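A closer look at the structure
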Amino acid sequence: MQASVATTSPIERTVTITVPASEVDQAVNARLLETAKTVRLNGFRKGHVPMAVVHQRYGKDVRNEIVGEIMRQHYVTAVTENELNPAGWPKIDATVDEAGKDLEFVATLEIYPEIDLKPIDGAEIERPQAEVNDADVEEMIETLRKQNATWTDVERVAADGDQVNLDFEGFLGEEAFEGGKAEGHELVLGSNSFIPGFEEQLVGAAAGDEKEIKVSFPADYQAEHLAGQEATFKVKVHAIKAQELPEVNAEFITQFGLEATDVESFKVEVKKNMQRELKNAIENRVKQQVLAELTKANDILVPQTLADQEIDGLKRQAAQQFGLGEDFDVSQLPAELFQDQAVQRVKTGLLLSEVVSSSEMDVSEDELKARVAEMAQQYQDPTQVTEYYTSNEQARNQLKSVLLEEKAVDKLLTQAQVKDVTMSYQEALQAAQQQEEAEEETAEAEGEQA
Amino acid sequence: MNQERVFKVLLGPHMTEKAAVAAENNQYVFKVASDATKPEIKKAVEALFGKKVNSVQVLNMKGKTKRTARGVGRRAGYRKAYVTLAAGETIEDFSGAE
């Protein structure tokens, strides 16, 4: 076997391999002999078909099969001999494939880029500093109450914040338009879920009232034939309901599955949860910034095969998000949509693993155990969680890679300049979210430039 | 013999164990039209394969009798020809003939 490697681009190689004809023919003949023993042909007893006939009938198929096998085998040996690090499976094309001639084929493959890791010295990372104070806890409890609010009928005119049960039918001039009709609709006034002006005009209505409401659709309304039009809605109000917030008492607290039912310990628990959330948000925020800096400092080429794999995953995620169901064919989604995001992800992944391997990080059993114990605390049945991780190798490995990633980020953090920024609880949470959105936008912007 | 007849004489190769043995002795077996004569077959083989034919032997294969609930029936028979080529001649691709 002869193999020669040519570099066509920094991450692409073509390997040309020649295999002597005798090797191929030998393999083909050996396979034909085997088929001759089992093959059934009209006019012949089983096992009595002459080789000449078998050759004539099956020669081509067997040869194709053998050639495919030989190409794969020799590709693998060539790759190990030349110490290539292929990303994904190559494209193999036979250039000479004829009986009696030396087999020659070209494998085009992408290799993992060689990463010369540049430190992110001097990069500024903002680390939010925030505390959960009592006001935040109160606010959170207020939100919880609103989520569990009940609506009760009241005998008075509707006010802002009330829920109104109504029938409505919309007219453009004299004609009713499609989608403008509903019966028994529950509308919360002031929730801005309807056209601007609609909810305001309902304020002051009482149960049993019939009203005509004149509104104009905003110019950028999503239904084009309605945008900017004047419309009249005939409305019949059935009931006015006022929001009733539940009291913070034992009954309310037991809904959240807590053991203690007094208000004080509830507050403590809420605060604990919020602190955990805050910690996560801050960690995320810092991590995102570090990764962004890392990819900025190290611009590497990403093998398209890896990006394609990532695109597949993203497509599946997207399909799930849109609720397209299990049997939706994800290949229908255009790949270009995900290209930039996928490249970005692969890039970060490659760089992070390089950070890990270059500084020879490892996660010890003790560290793993400590993390499992920490995670277990968040659940109601800690022993079950611990058991899950001790018995499940896969879950352990996953956790291990998470820990490795954290270590890598920590190491990168020591290179960067960390600036502490004080902000409130709400701001810290929002900042982490905004960052995610901003990142997606930059990815899109980059795509446009390219 | 006209050109049209040449294509009508040979119906196809007859590949069996016996025919495979015969092929080693330079004899090739064909199914032929039931009204084909030895000279016709000789000419047809020479024209289609471009080989010199030494001699031709023919026989009629009877169809098998088959009994069904409707009584006794007979399958179609065919005419078979053993064509001996002149010494040194061979037919390489003996399967795709008309």
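Residues numbered from 1 in each chain as written. Chains lettered and ligands numbered in written order. Predicted model: local features only at pLDDT ≥ 70, side-chain atom pairs only at ≥ 80, totals over all residues. Heavy atoms only, no water.

The name an unreviewed UniProt entry gives chain B is Large ribosomal subunit protein uL23, with Cobetia crustatorum as the organism. Of chain B, the UniProt comment under Sequence similarities (unreviewed entry) reads exactly: "Belongs to the universal ribosomal protein uL23 family." UniProt, in the comment section headed Function (unreviewed entry), describes chain B in these words: "One of the early assembly proteins it binds 23S rRNA. One of the proteins that surrounds the polypeptide exit tunnel on the outside of the ribosome. Forms the main docking site for trigger factor binding to the ribosome." (UniProt positions renumbered as here; feature names shortened; annotations may be inferred.)

In the nomenclature of an unreviewed UniProt entry, chain A is known as Trigger factor of Cobetia crustatorum. We quote the UniProt Function (unreviewed entry) comment for chain A here in full: "Involved in protein export. Acts as a chaperone by maintaining the newly synthesized protein in an open conformation. Functions as a peptidyl-prolyl cis-trans isomerase."

With respect to the sheet that holds strand β2 (residues 27-32) of chain B
Strands pair in a sheet through their backbones, by hydrogen bonds, and they do so in one of two ways: parallel or antiparallel. All names here are of chain B. One open sheet accounts for 4 strands, arranged β1-β2-β6-β3; its pairing is antiparallel. Whereas interior strands pair on both sides, the edge strands pair on one side only; in this sheet they are β1 (10-13) and β3 (53-61). Neighbour-to-neighbour, the strand axes of this sheet turn through a mean angle of 30°, independent of strand direction. Two elements, β1 and β2, share 3 bridges in a ladder whose sense is antiparallel. Pairing of L10 across the sheet is with V32, part of β2. Along the sheet face, helix α2 (residues 17-24) touches β2 and β6 (78-85) and points at about 135° away from the line of β2. Contacts from helix α3 (residues 38-49) reach β1, β2, β3 and β6, with the element oriented near 120° to β3. (Pairing = 2+ DSSP bridges. Helix = DSSP H or I, 4+ residues; strand = E, 2+ residues; numbered from the N terminus. Axes fitted to C-alpha atoms, helices over the stretch in contact; angles between N-to-C directions. Contact = heavy atoms within 4.5 Å.)

Regarding the sheet that holds strand β4 (residues 103-110) of chain A
All names here are of chain A. Ordered by their spatial adjacency, 4 strands build an open sheet running β1-β2-β4-β3, and the pairing between neighbours is antiparallel. In the strand order of this sheet, the two ends are held by β1 (2-9) and β3 (91-96), each with one partner. Taken over all neighbouring pairs, the strand axes of this sheet differ in orientation by 20° on average, direction set aside.

Digging into the pairing of β4 of chain A
Residue and element names in this part refer to chain A. Relative to β4, strand β2 (residues 12-19) runs antiparallel, the two sharing 8 bridges. Of the residues in β4, the one forming a bridge with T14 is T108. Hairpin connection between β3 and β4: a loop of 6 residues separates the two successive antiparallel strands, and G100 in this loop has a positive phi of roughly 85°.

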